[in-house]
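An overview of the molecular structure
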Amino acid sequence: ARRPLIAGNWKMNLNHLEAIAVVQKFAFALPEKYFERVEVAVLPPFTDIRSVQTLIDGDKLSVVHGAQDLSPHDSGAYTGDVSGVMLAKLGCRYVVVGHSERREIHGEDDAVVNAKVHAALKHGIAPILCVGEGLDVREAANHVQHCTDQLRGALKKVTAEQAATIVLAYEPVWAIGTGRVAGASDAQEVCAALRATLEELYGSEVSRGVRILYGGSVKSSNVGEIVGQTDVDGALVGGASLDAEEFAKLSAIA
Ligand code: 13P
């Protein structure tokens, strides 16, 4: 069985002091035993990571941490960028790659996403690889094709052994930050198609092991139905992960 993953993508929210308060409050809101069943990750802005790492290590918290982006390069003249080497040194387990906000606002295409996937894997950080369609694609009923194409593009030259360590996230763009959550069966449809694509590319052992998350307006009131779907193994949570109490409530249901 796949161990569910609940990952909080804070986006550009919470400074390093607020980060400590939120993680501490969250971690102590759930019983230690809970974390044996479900893995919970927080994905703060770069400026918070060192503080969160220190807190997690110091208090021996069961929460893990990661980042929201990385450079495809290891070092060099890339002003403003942060590399996988640096994130690995800070103990990051996960890094978000291919988020729709990066694809849209920063113009990241499948080639860039693929390069970032390779950069993360190279440094032993598991990419949380996001795919998802806009409203126009959904209305034209091309969402399955769109998402599986994004997946194939992102996984170019990724081996089966590497693919087994990746986490996928289906995030329909029209459901992000809009309060408009995809129906549980809509989430299941695309997540099943992503798993079928993994099977085609890497075989059934890999496809059965990879965790596929749903993201888009997930909160405590809808998480149960979503993670109850056969091919949905957790959630990538934006807004609701900023509030320690709500994030704990949501996690407890997952
Ligand atoms: P919201 O949960 O705020 O809709 O954000 C979803 C998301 O983009 C997570 O990566």
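So, here's what we can say about the structure. (Residues numbered from 1 in each chain as written. Predicted model: local features only at pLDDT ≥ 70, side-chain atom pairs only at ≥ 80, totals over all residues. Heavy atoms only, no water.)

**What to know about the pattern of salt bridges**
Considering all chains together, one arrives at 16 salt bridges under this definition. Measuring nitrogen to oxygen at the nearest pair gives 2.9 Å for the salt bridge that ties Arg211 to Glu39. One end of the pair, Arg211, is in strand β7 (residues 211-215); the other, Glu39, is in strand β2 (residues 39-43), and 172 residues separate them in sequence. Using a relative accessible area of 8% as the deciding quantity, one classes Glu39 as buried. A salt bridge links Glu108 to Arg102; the nearest nitrogen and oxygen atoms lie 3.0 Å apart. Residue Arg102 is classed as partly exposed on the basis of its relative accessible area of 24%. Among the charged side chains, a network of salt bridges with common partners joins Arg2, Arg195, Asp231 and Asp233. (Salt bridge = Lys/Arg side-chain N within 4 Å of Asp/Glu carboxyl O. Helix = DSSP H or I, 4+ residues; strand = E, 2+ residues; numbered from the N terminus. Buried < 20%, exposed > 50% of the residue type's maximum accessible area, 1.4 Å probe, protein only.)

**Some remarks on the site of the ligand**
The local shell around the ligand consists of Asn9, Lys11, His99, Glu171, Ala175, Ile176, Gly177, Gly216, Ser217, Leu236, Gly238 and Gly239. Between the ligand and Ser217, the relevant distance is 2.7 Å, taken from an oxygen atom to a main-chain nitrogen or oxygen of the residue. A distance of 2.9 Å separates an oxygen atom of the ligand from a polar atom in the backbone of Gly238. Considered on its own, the ligand offers 310 Å² of accessible surface; in the complex 95% of this is hidden by protein. (Near = heavy atom within 4 Å. Polar contact = N/O pair within 3.5 Å; in protein donor to acceptor, adjacent residues only side chain to side chain. Areas by Shrake-Rupley, 256 points an atom, 1.4 Å probe, with all protein chains shown as cover.)

These figures come from the coordinates and say nothing about function on their own.
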